[in-house]
Every structure is written in C-alpha cells, then in structure tokens.
Amino acid sequence: MIEPVNTRLGLDGKIALVTSGTHGLGLAIASKLCDNGAHVILTTTDDDVDIERAKIVLAGKPGSVTVTQLNIHDEHSVRLLFDRVKEERGRLDIFVHHAVSPDLTPLLNIVEPLAKVFVDGGRVVIAGYTVTPVHGVIRTLALEMAWYRVAVNAVVTTVVDNGPMNIDPDLVDRLAIKSPSGRVTLPGDIANAVALLCTDEAAWVQGQVITVDGGLELLERWGETR
C-alpha cells in the first residue's frame, strides 16, 4: 500500500502569534498556520467586528486558535502579552506582524521582550504591501534578532484580490490582465510564502523582503513581456 504523502510544513505544535489576525492577510496567514498544525494566537482590538467570522474560518483545522486583545503601539501591553504567552505556552516560535499601518516603529521598541519570548530560536515575519517601509525595519530587526537565532523577513505584495471585498474591482481586473501569471495575488499566496519562511528549512533566510506578486513588479522594471 502506498502511504499518503505528508504535505505538512513541519509546523505542528508551533506557537504562533499573528497581529491583526482576524481579517485580510492576517486571517489568511493564521489559516495557513492552523492548516499546518500550529497553535495560533490572534491579536485583535475591542472594536473588531471580524472576530466571530475568524473563529468560524479557523474552526476544525489541525491547529488551534485563541484570540486576545493587543494594541501593538502600547509597549507595556505587548510585554504583558509576551509574558503571558511564555507562562501559558512555554515559548513563542513564530511572530507574524500583519502590517495594517505603515508605522512599523512599535516593532523596534519591543526587540528585547520579543527576543526573550523565543526560547530556542524562531521566526519573525512582517506581511503587508509594498508601500509599507519595511526595508529599514527588517534590517534592524534581523541584525538584533540574529543573536537569538531568530530569522526576520518580510513578505509584501503590490495589490491583493479580495474577491467581493475589492475596493477597486476595475483596477484588480486591469492588473490581472497585465500580470505575467494571469491573475492578481490572493491572500493565500502571501500566507503560503509566510508559512514557508517559518519552516526549519528557511532558517538561513535572514533580513529579506520578498515580493509575492506573480511577477507583476517585473513589468515596472523591464516593461511588457507580451
């Protein structure tokens, strides 16, 4: 009998924290990590209307999920959350910052508590759009966190096709026609790249900003190909 192929990414039992993880790219990333057996802690705000929907999306997956409130701009609250994660879960393995704001300076203020919540190395990934100024932050975080065997990278894209939730459907359609790959990036494409960066095999990828757009950015660099 042919044994079924294990398509997991080796994330079973990992403890992951995804900021703003109840919607958009954050939810797609949380879903991918749960699909691969991770326990995902979603951070949200007290006025978040997407919590119940997120719980439904993530229900029944191999991994598990908990939801907690967090203001990433409140350093004290971040420290308390990290302390609680370490007390309740023993450590953190993956920290994904869903960049809903272009202001990434809060991440630079939590290097020390973030490093301490990782026990045996880990991953930090920033996920957002190309307009988010990630390069400087990634370089700083990567240099600081490398001492703790934590790899820091970013995954960005130009535009995402959110289906019925698209703000400008015409723009998405035009970009899909232009794209070398024939479509616009889906939230799942970003989630796949983030999950790959969280695997053991990606441990030596450090300080990189990876653009996931099916080659759309190539048109801006070298012009039309067809």
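Student: Would you take a moment to explain helix α7 (residues 169-178) for this structure?
Tutor: Within α7 the residues assigned to the buried category are Val172, Leu175 and Ala176. The arc enclosing the buried residues of α7, seen along the axis, measures out at 105 degrees, which places them on a common side. Seen from the buried face of α7, the exposed residues on the opposite side, beyond 90 degrees, are Asp170 and Ile177.

Student: Looking at this structure, how should I read the side chain of Arg123?
Tutor: Residue position: Arg123 is located in strand β5 (residues 122-129). Polar contacts involving the side chain of Arg123 include one to the main-chain carbonyl oxygen of Thr199, which spans 2.7 Å. The residues touching Arg123, leaving out its near neighbours within four places in the chain, are Asp93, Ile94, Phe95, Phe118, Val150, Ala151, Leu197, Cys198, Thr199, Asp200, Ala202 and Ala203.

Student: Before we go on, may I ask you to explain unusual backbone geometry in this structure?
Tutor: One can expect most non-glycine residues to show negative phi and most peptide bonds to be in trans. A positive phi angle, close to 50 degrees, is found at Ser20, a residue other than glycine. Structurally, Ser20 can be placed in the loop between β1 (15-19) and α1 (24-35). Backbone geometry places Arg149, a non-glycine residue, at a positive phi of 60 degrees. Among the structural elements, Arg149 can be located in the loop between α6 (134-145) and β6 (150-157).

Student: How do you make sense of the state of the cysteines when you look at a structure like this?
Tutor: What makes a disulfide is a covalent bond joining the sulfur atoms belonging to two cysteines. One pass over the structure, following the stated rule, counts zero disulfides. Cysteine Cys34 shares no disulfide, and the gap to the nearest cysteine sulfur, in Cys198, comes to 13 Å. Overall, Cys198 belongs to the buried group, its relative accessible area being 4%.

Student: Is there a simple way to think about the pattern of salt bridges in this case?
Tutor: Opposite charge on two side chains lets them pair, provided their charged atoms get close. Going through the model one piece at a time under the given rule, you end up with eight salt bridges. For Asp189, the salt bridge is made with Arg183, and the minimal N-O distance between the two is 2.8 Å. Note on Arg183: relative accessible area 40%, which makes it partly exposed. Via salt bridges that share partners, Glu75, Arg79, Glu112 and Lys116 belong to a single interconnected network.

Student: In this structure, what is going on with helix α8 (residues 187-197)? I would like to understand it.
Tutor: Structural remark: α-helix, 3.6 residues per turn; residues separated by three or four positions point the same way. The element α8 is extensively covered by neighbouring structure, given that eight of its eleven residues are classed as buried. All buried positions along α8 are accounted for by Pro187, Asp189, Ile190, Ala191, Ala193, Val194, Ala195 and Leu197. The elements touched by buried residues of α8 are α1, β4 (94-98), β5, β6 and β7 (209-211).

Student: Would you mind showing me how to read the packing of α1 against helix α2 (residues 51-58) here?
Tutor: Helix-helix packing is characterised by the crossing angle of the two axes and by the distance between the axes. At their nearest, the axes of α1 and α2 sit 10 Å apart, and the two run at 30 degrees to each other. In terms of their interaxial angle, α1 and α2 are classed as roughly parallel. Here α1 runs over α2; the crossing is right-handed. Residues Leu27, Ala30, Ser31 and Cys34 of α1 touch α2, and the partners they reach there are Arg53, Ala54, Val57 and Leu58.

Student: Could you clarify how one ought to interpret the pairing of strand β3 (residues 64-69) in this entry?
Tutor: The side chains of a regular strand alternate, first on one face of the sheet and then on the other. Where strand β2 (residues 39-44) meets β3, six bridges bridge the pair, whose relative direction is parallel. Within β3, the position partnered with Leu42 by the bridge is Val67. Regarding topology, α2 serves as the crossover connection from β2 to the parallel β3, and that connection is right-handed.

The rules behind these values
Residues numbered from 1 in each chain as written. Predicted model: local features only at pLDDT ≥ 70, side-chain atom pairs only at ≥ 80, totals over all residues. Heavy atoms only, no water. Buried < 20%, exposed > 50% of the residue type's maximum accessible area, 1.4 Å probe, protein only. Helix = DSSP H or I, 4+ residues; strand = E, 2+ residues; numbered from the N terminus. Arc of directions from axis to C-beta. Polar contact = N/O pair within 3.5 Å; in protein donor to acceptor, adjacent residues only side chain to side chain. Contact = heavy atoms within 4.5 Å. Disulfide = S-S within 2.5 Å. Salt bridge = Lys/Arg side-chain N within 4 Å of Asp/Glu carboxyl O. Axes fitted to C-alpha atoms, helices over the stretch in contact; angles between N-to-C directions. Parallel < 35°, antiparallel > 145°, perpendicular 65-115°, else oblique. Left-handed = near helix turned anticlockwise from the far one by under 90°. Pairing = 2+ DSSP bridges. Right-handed = clockwise from strand over helix to strand, strands pointing away.

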